[in-house]
Amino acid sequence: MLAAYAERIDPDDPLSGLAVGQRPEPDVPDGWVTVDVTATALNHHDLWSLRGVGLSAEALPMILGCDAAGTDPDGNPVVVHAVVGDPAAGDGDETLDPKRSLLSERYPGTLAERLAVPRRNLVPLPAGLTPAEAACLPTSWLTAYRMLTTRGRLPEGGSVLVQGAGGGVATAAVVLAGALGARVYATSRDATKRERVAALGAEAYKPGARLPERVDVVIETVGEATLDHSLKCAKPGGRIVVAGATSGHLPTVDLRRIFFLQLELVGATMGTRDELADLLDLLVRRDIHPVIDSHHALSDARAAFARLASGDAFGKVVLTP
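**Looking at helix α8 (residues 273-286)**
One turn of the α-helix equals 3.6 residues, which is why residues spaced by three or four share an orientation.
No. 1: Between the first and last C-alpha of α8 there are 20 Å, a value that for 14 residues agrees with the 20 Å anticipated at 1.5 Å per step.
No. 2: Here α8 has its buried residues at Arg-273, Glu-275, Leu-276, Leu-279, Leu-280, Leu-282 and Leu-283.
No. 3: The inward-facing, buried residues of α8 abut β6 (77-80), β10 (122-124), α3 (137-151) and α4 (168-179).
No. 4: Just beyond α8, the residue with positive phi is Asp-287, at close to 55°.

**Looking at the packing of α3 against α4**
No. 1: α4 packs onto α3 with a crossing angle of 55° between their chain directions and a minimal axis gap of 8 Å. Here α4 runs oblique to α3, going by the angle between their axes. In this structure, the crossing between α3 and α4 has a hand that is right-handed. On α4, the residues that touch Ser-140, Trp-141, Thr-143, Ala-144, Tyr-145, Met-147 and Leu-148 of α3 are Gly-168, Val-169, Ala-172, Ala-173, Val-175, Leu-176 and Ala-177.

**Looking at the packing of aromatic side chains**
Each aromatic ring pair is described using two quantities: the centre-to-centre distance and the angle formed by the ring planes.
No. 1: Enumeration over the complete set of coordinates arrives at two aromatic pairs.
No. 2: Both rings, one in Tyr-185 and one in Tyr-205, keep their centres 6.3 Å apart while their planes meet at 50°; by these two values the pair is tilted. On the criterion of sequence distance, the pair formed by Tyr-185 in strand β12 (residues 183-187) and Tyr-205 in strand β13 (residues 203-205) is long-range, its members being 20 residues apart. The pair Tyr-185 / Tyr-205 is uniform in exposure class, with both members buried.
No. 3: Above the face of the Tyr-5 ring, Arg-23 is positioned so that its terminal group lies 5.2 Å from the ring centre.
No. 4: The ring of Trp-48 carries the charged tip of Arg-51 above its face, separated from the ring centre by 4.9 Å.

**Here's the deal with the packing of helix α1 (residues 44-51) against helix α9 (residues 301-310)**
No. 1: Contact geometry of α1 with α9 gives a least axis separation of 10 Å together with a crossing angle of 100°. Relative to α9, the element α1 is oriented roughly perpendicular. Where α1 abuts α9, its residues His-44, Asp-46, Leu-47 and Leu-50 lie against Phe-305, Leu-308 and Ala-309.
No. 2: Grouping the amino acids of the contact of α1 with α9 by side-chain chemistry returns five nonpolar, one polar and one charged.

**A word on unusual backbone geometry**
No. 1: Between Leu-60 and the following residue, Pro-61, the backbone shows a cis peptide bond with an omega angle of -5°.
No. 2: Structurally, Pro-61 can be placed in the loop between α1 and β4 (62-63).
No. 3: Phi is positive for Asp-287, which is not a glycine, with a value near 55°.
No. 4: Looking at the element boundaries, Asp-287 is found in the loop between α8 and β17 (292-297).

Rules of the game
Residues numbered from 1 in each chain as written. Predicted model: local features only at pLDDT ≥ 70, side-chain atom pairs only at ≥ 80, totals over all residues. Heavy atoms only, no water. Helix = DSSP H or I, 4+ residues; strand = E, 2+ residues; numbered from the N terminus. Expected span 1.5 Å × (residues − 1). Buried < 20%, exposed > 50% of the residue type's maximum accessible area, 1.4 Å probe, protein only. Contact = heavy atoms within 4.5 Å. Axes fitted to C-alpha atoms, helices over the stretch in contact; angles between N-to-C directions. Parallel < 35°, antiparallel > 145°, perpendicular 65-115°, else oblique. Left-handed = near helix turned anticlockwise from the far one by under 90°. Phe/Tyr/Trp six-rings, centres within 6.5 Å; stacked < 30°, edge-to-face > 60°. Lys NZ or Arg CZ within 6 Å of the ring centre and 35° of its normal. Nonpolar A, V, L, I, M, F, W, Y, C, P; charged D, E, K, R; others polar.

Written out as structure tokens, the structure is:
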């Protein structure tokens, strides 16, 4: 079967380790099923894998990809939950299982014509979303949803700042925060991205700008370059929810601001299968459709990866077998 996979690790030139070609059909352990992939989407996780972050050389060659929509063995349309772990661990929250992994780390990923996953990881694809739209959801959109709800505890009629709008998680957070009834502010260094995020319903600002108000929740995926601004923009008792650190992971933090304003600095990683089902329900009820930057054939995966790596993408990069 055709697949896009990591052939070797190169921290400095990650795309040099990407290969597109034939791979063996997936192994299907007990309790797992084969999914015929209809659409899949890229994440920065795929680029980090090619750099060797979360993927060891001993695991190569490894089919990349965390996101997919497809059909199960009975022909039902499904969305694939990417977190593989013990559902009984961490009070039923598989994201808290210390032995959890994402597809493409320990088990082959979604950038293939077929993949094997635990049956529990299949969520019915509801009418109202195309497979390409659904394929955008299991990583970045699910992460954004968990950041706003489970971890961010966004109050009704609250306010949100999204740092670094344009990336997959940040763009999803802008749309979802608006759908949840929040006032949404977003930052980006790029004027074009500020215009596009404003069209999604946010008030757009340059990084570091003063906002009209302090917010209940800050969505932070940039890290070192924006964390100080995030702390300054949170209202007393507010939450800064961190799910990434694209600009660096060792920021300087003014602890006085955290304890005096009783701020919460909260981590978030992916989401649960039940949260994915809730996210799908929200999108269908509100007639919300994920932002897609571009479509590519799986055979042209190298161009799709180059688009993601360029930093110019706004929304998700989608591939179809």
